[in-house]
Amino acid sequence: SMLRKRWFWIILLALLWALPAQAGVISPFGNEKTLNLEEFRPHPHDMEWYGEQWSHGVWTDDGRHFIGVDFVISNVGIGDNKATFKASYKRADGSFSRCKAEFDSDEWSWSKQGFLIRAGKNKLSGDLKGLNIHAECDAMTMDLRFDNQVAPLRPGGGKLIYGKDGIYNMMFTSPRAKVTGTVRIQGKSIPVAGWGHADHSYTTMAPHKSVRRWFRFKRVTKDVSILMAELKAPRIYASERHGWVMLLSGRGRHIATAKVRFS
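Note that the coordinates shown come from a computational prediction; the quantities given were computed from them, not determined experimentally.

K.L.:
Run through the overall build of the protein, naming residues and quoting values.
P.N.:
The helix and strand tally for the protein stands at two helices and 17 strands. Projected onto its principal axes, the C-alpha positions of the protein cover 85 × 40 × 35 Å. In the structure as shown, the protein presents an accessible area of about 14,100 Å², 54% of it carried by carbon and sulfur atoms.

What follows is the structure in C-alpha cells.
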C-alpha cells in the first residue's frame with residue numbers, strides 16, 4: 001500500500017541519517033589562508049577527545065636534534081583542559097636531561113591579547129616574527145628565542161573537516177627559525193645556537209577515529225628545512241589521504257603546499 005511504501009522510505013532515510021560518517025566527507029586543507037596571531041592561542045573545548053599541542057625543536061648545523069619543548073592540553077582521562085609541559089636536552093654523547101610538569105585547568109592561563117601561555121613557571125610567548133620559551137622544572141631551565149626566517153604558515157587552509165564528526169587543525173608557528181638562548185642544568189649554563197621549527201595543532205576527534213596511519217618526515221639543518229607529512233584516514237572516510245610538503249631555507253619558502261600525494 002502507499003502507506004507501507006511511505007513508511008519504508010521514512011525508515012530508510014532515518015537509517016541512512018543514523019549511519020556513521022560516510023566515505024569521502026573529509027573537507028581537505030584546500031587553498032592557503034593567511035595565519036594570524038589569534039590562532040596561535042589555545043582553543044579550549046569540552047569535547048571528550050579535544051587535544052591541543054605546541055611543539056618546538058632545535059637542531060644543530062648538521063641536523064642533530066638536541067632540544068624539544070612541548071606544551072599539551074587534553075580532555076582525555078579525568079578532568080578537562082589539563083596541561084602538560086615537557087622539555088628535553090640531548091647532549092652530544094646521546095644522554096638526556098628531561099623535565100615534565102603537569103597542571104590542572106586552573107593552574108595554567110593564556111592571554112587574549114597577543115600570544116602568551118603560562119603554566120607554573122613555564123611560559124610560551126611571541127608574535128609573527130618569532131617565539132620565546134621559558135621552561136623550568138626539576139633541575140633544568142631553558143630560555144630560548146626563535147627568530148623566524150620564514151613567516152608562520154599552515155598547510156593550505158590548515159583544517160581538515162570530518163563531516164559533522166570533528167576537525168584536525170595544523171599550523172606552523174615557526175616554520176624555520178634561528179634559535180639562540182641558554183640551557184641550565186644543575187647550575188651549569190650551556191649556550192644554545194641552532195635551527196628551529198615549531199608547530200601548533202588541535203583536534204576534536206579521537207586519534208583512532210580520524211587517522212589510520214601517519215607518515216611524517218622532518219629534516220632541519222643550517223641550509224634547509226624539509227617538512228613532509230601525510231595522514232591516511234580510516235576506511236569509513238574512504239581511506240582518504242591528506243598531507244603537506246614544505247621546503248624552506250634562510251632565503252624563505254621554496255615549496256609550501258598541501259596539495260600532495262605520496263607513493
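K.L.:
Help me get a handle on the state of the cysteines, residues and values and all.
P.N.:
Enumeration over the complete set of coordinates arrives at one disulfide. Paired through a disulfide, Cys-99 and Cys-137 show a sulfur-sulfur distance of 2.2 Å. Disulfide Cys-99-Cys-137: torsion about the S-S bond near 75 degrees, hence right-handed. On the criterion of sequence distance, the pair formed by Cys-99 in strand E5 (residues 96-103) and Cys-137 in strand E9 (residues 130-137) is long-range, its members being 38 residues apart.

K.L.:
Any chance you could break down the packing of aromatic side chains for me, citing the residues and the numbers?
P.N.:
Tallied over the entire structure, the rule returns eleven aromatic pairs. Plain terms: the ring middles of Trp-54 and Phe-71 are 5.5 Å apart, the flat faces sit at 45 degrees to each other, and that makes the pair tilted. Placement of Trp-54 in strand E2 (residues 51-59) and of Phe-71 in strand E3 (residues 65-74) is noted, with a sequence separation of 17 residues between them. Their ring planes at 75 degrees and their centres at 5.9 Å tell us that Phe-71 and Trp-108 sit as a pair that is edge-to-face. Taken together, the residues Phe-71 in strand E3 and Trp-108 in strand E6 (residues 108-110) connect sequence positions 37 residues apart. Like Trp-108, Phe-71 is buried. Following the ring pairs from residue to residue traces out a cluster consisting of Phe-29, Tyr-168, Phe-172, Trp-214 and Trp-244. The ring of Phe-96 carries the charged tip of Arg-98 above its face, separated from the ring centre by 4.1 Å. In this arrangement the basic side chain of Arg-216 is found over the ring face of Trp-214, its NZ or CZ atom lying 3.8 Å from the centre.

K.L.:
Describe the sheet that holds strand E17 (residues 252-257), listing the residues and the values that go with them.
P.N.:
Taken in spatial order, the four strands make up an open sheet running E14-E15-E16-E17, and their pairing is antiparallel. Every other strand in the sheet has two partners, leaving strand E14 (213-220) and E17 as the edge strands with one partner each. For this sheet, the mean inter-axis angle between neighbouring strands, taken without regard to orientation, is 5 degrees. Looking at chain direction, E14 and strand E15 (residues 225-232) are connected through eight bridges and run antiparallel. The residue of E15 that forms the bridge with Trp-214 is Leu-231.

K.L.:
Residues and numbers for the confidence of the model for the protein, please.
P.N.:
Across the protein, the average pLDDT comes to 90, with 90% of residues at 70 or higher. Low pLDDT (under 50) marks residues 8-23, which in the prediction has ten contacts with non-local residues, meaning those over four places away or in another chain.

K.L.:
Hey, could you go over the pattern of salt bridges for me, with residue numbers and the actual values?
P.N.:
Inspection of the entire model under this criterion finds seven salt bridges. Two residues, Arg-253 and Glu-32, come together in a salt bridge whose shortest N-O distance is 2.9 Å. In this pair, Arg-253 sits in strand E17 while Glu-32 sits in the loop between strand E1 (26-27) and E2, placing the two residues 221 residues apart along the sequence. Exposure remark for Arg-253: the relative accessible area of 39% places this residue in the partly exposed category. The shortest N-O distance in the salt bridge between Asp-147 and Arg-145 comes to 2.9 Å.

K.L.:
Please give an account of the pairing of strand E7 (residues 115-119) that cites residues and values.
P.N.:
Where burial is concerned, the two faces of E7 differ: the one with Phe-115, Ile-117 and Ala-119 is buried and the one with Leu-116 and Arg-118 is not. Looking at chain direction, E6 and E7 are connected through three bridges and run antiparallel. By the bridge assignment, Ser-109 is partnered in E7 with Arg-118. With five bridges joining them, E7 and strand E8 (residues 122-127) adopt antiparallel strand pairing.

K.L.:
Summarise the nonpolar core; cite the residues concerned and give the values.
P.N.:
By size, the foremost hydrophobic cluster in this structure holds 41 residues, and its most contacted members are Ile-67, Phe-71, Tyr-89, Met-142, Leu-144 and Val-183. Top contributing element to this core by residue count: strand E12 (residues 167-185), with six residues. Excluding residues within four positions of it along the chain, Tyr-89 makes contact with Phe-66, Ile-67, Ser-95, Phe-96, Ser-97, Met-140, Met-142, Val-183, Ile-185 and Ile-190. Judged by nonpolar contacts, the second largest core, of 20 residues, contains Ile-26, Tyr-162, Tyr-237 and Ala-258.

About the cut-offs
- Residues numbered from 1 in each chain as written.
- Predicted model: local features only at pLDDT ≥ 70, side-chain atom pairs only at ≥ 80, totals over all residues.
- Heavy atoms only, no water.
- Helix = DSSP H or I, 4+ residues; strand = E, 2+ residues; numbered from the N terminus.
- Areas by Shrake-Rupley, 256 points an atom, 1.4 Å probe, with all protein chains shown as cover.
- Disulfide = S-S within 2.5 Å.
- Phe/Tyr/Trp six-rings, centres within 6.5 Å; stacked < 30°, edge-to-face > 60°.
- Buried < 20%, exposed > 50% of the residue type's maximum accessible area, 1.4 Å probe, protein only.
- Lys NZ or Arg CZ within 6 Å of the ring centre and 35° of its normal.
- Pairing = 2+ DSSP bridges.
- Axes fitted to C-alpha atoms, helices over the stretch in contact; angles between N-to-C directions.
- pLDDT = per-residue confidence, 0-100.
- Contact = heavy atoms within 4.5 Å.
- Salt bridge = Lys/Arg side-chain N within 4 Å of Asp/Glu carboxyl O.
- Core = buried A, V, L, I, M, F, W, Y, C linked by side-chain atoms within 4.5 Å.

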